[in-house]
Amino acid sequence: MEPVSICLGIIATNEELPLTKFLPDLSAAFKGEVVGIDYESTDKTPELFKKYCKYSITEPWPRDFSKAKNQLIDMAERAGYDWLFILDADENMDTKKIPLLEKYIERNRYENYYFPRIGFLTEEIIEGSIDGFPDLQARLFKLNCGFMFKEITHNQLCRNGKNIFEEGEGCVIPDIFIYHYGGLKGPESVLLKILEREAMAKGLPPVKDLSNSTIKDVKSWYMNLAAKPLKLICED
C-alpha cells in the first residue's frame, strides 16, 4: 500500500504573530507539505506562507469563512494530496504527534476525523468552561470525497449538504489536541474579530475598528469570556 499524502492547510489575514510562532515547527512536522491562502494581509503573512508553505497564494477576502476554507480544499485537491488537515492561523498542536495521523488513516476506514480543542485566554490560562470541552473539531478529512464547509462564520464540515457531525460520520482521535490561542494579539483583536463575525453573519458592512463598541474595559471583558478560567501548570 502506498503511503497517503497529507497536507496542512491554513487561511490567514494579518496573522504574522501566531504564524511566526507556530508555522515553522508545524511546517517541519508536515515535512513542508503545507498549503496556505493569504487574504489581503498587510503584514508579513504572505512572506511567511511563501517561506513555510509548499503552495501559497493571495486572494481577495470573500468575507465568508466557508468559502475561504472551500478554496483551501480546492487548492489541496489540485495539488494532488489525498488528505487535508486544517488549522486556524492562531492554532497549534503537539508536532511530535503529527506522524500519527498517517497511522490512524492507514489502520481505519473512516474518511474524516475529529480532534479535541483547548482554548487559551493567555498562554498560561485555559478557558475553563467544562460545558465547552472537548469542543470536537472536524479537521482531518479525505479529499475528492465531496466534503465542503457551510455557514459564513461558524462553518461546519458537510457532505451531500448534511453536517457530518450531526450525521455521525467519522471518528474521534482523543489523544491529539488542537490548542487555540485566540488572544495572542491582545484582547482588542479578539473583540474586533467577534464584532466583524457578527457583522458578516448579518450582512452588515465590515467592522474595521472598535470606535463604535459599547465595551470600554476590553481586558476585563476578555478575561470574563470563560466562566471559570483555569491556570495551566507546566512541568519540565
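Look above for the structure.
Presented here is a report on the structure given in the accompanying data block. Bear in mind the structure is a predicted one, so any value in this text is a computation, not a measurement.

The rules we used
Residues numbered from 1 in each chain as written. Predicted model: local features only at pLDDT ≥ 70, side-chain atom pairs only at ≥ 80, totals over all residues. Heavy atoms only, no water. Buried < 20%, exposed > 50% of the residue type's maximum accessible area, 1.4 Å probe, protein only. Helix = DSSP H or I, 4+ residues; strand = E, 2+ residues; numbered from the N terminus. Pairing = 2+ DSSP bridges. Right-handed = clockwise from strand over helix to strand, strands pointing away. Axes fitted to C-alpha atoms, helices over the stretch in contact; angles between N-to-C directions. Salt bridge = Lys/Arg side-chain N within 4 Å of Asp/Glu carboxyl O.

## Points about the pairing of strand S2 (residues 34-39)
Working note: regular strand, side chains alternate between the two faces of the sheet.
Point 1. Burial runs high along S2: six of the six residues are buried.
Point 2. Where burial is concerned, the two faces of S2 agree: the one with Val34, Gly36 and Asp38 and the one with Val35, Ile37 and Tyr39 are both buried.
Point 3. The sheet contact formed by strand S1 (residues 6-12) and S2 spans five bridges and is parallel. In the sheet register, Leu8 faces S2, and the bridge partner there is Val34.
Point 4. A crossover links S1 with its parallel partner S2, the connecting element being helix H1 (residues 16-29), and its sense is right-handed.
Point 5. Inspection of the sheet shows S2 paired to strand S3 (residues 55-59) by five bridges, in the parallel sense.

## Description of the sheet that holds strand S14 (residues 178-180)
Point 1. Read from one edge of the open sheet, three strands run S5-S14-S7, paired in mixed fashion. The sheet is open, and its two borders are formed by strand S5 (91-93) and strand S7 (117-119), each paired with just one other strand. The mean angle between the axes of side-by-side strands here comes to 25°, regardless of whether they run parallel or antiparallel.
Point 2. Pairing of S5 with S14 involves three bridges; the strand directions are antiparallel. In the sheet register, Glu91 faces S14, and the bridge partner there is His180.

## A closer look at the pattern of salt bridges
Oppositely charged side chains can pair when the atoms bearing their charge come close.
Point 1. Going through the model one piece at a time under the given rule, you end up with 13 salt bridges.
Point 2. The residue Asp74 makes a salt bridge to Arg78 at a minimum N-O spacing of 2.8 Å. Of this pair, Asp74 and Arg78 both sit in helix H3 (residues 65-78), four residues apart, which is roughly one turn of that helix.
Point 3. The exposure class of Asp74 is partly exposed, given its relative accessible area of 34%.

## A look at the environment of Glu123
Point 1. Mapping Glu123 onto the fold places it in the loop between S7 and strand S8 (125-126).
Point 2. Considered as a pair, Glu123 and Pro206 are 83 residues apart in the sequence and their alpha carbons are 29 Å apart.

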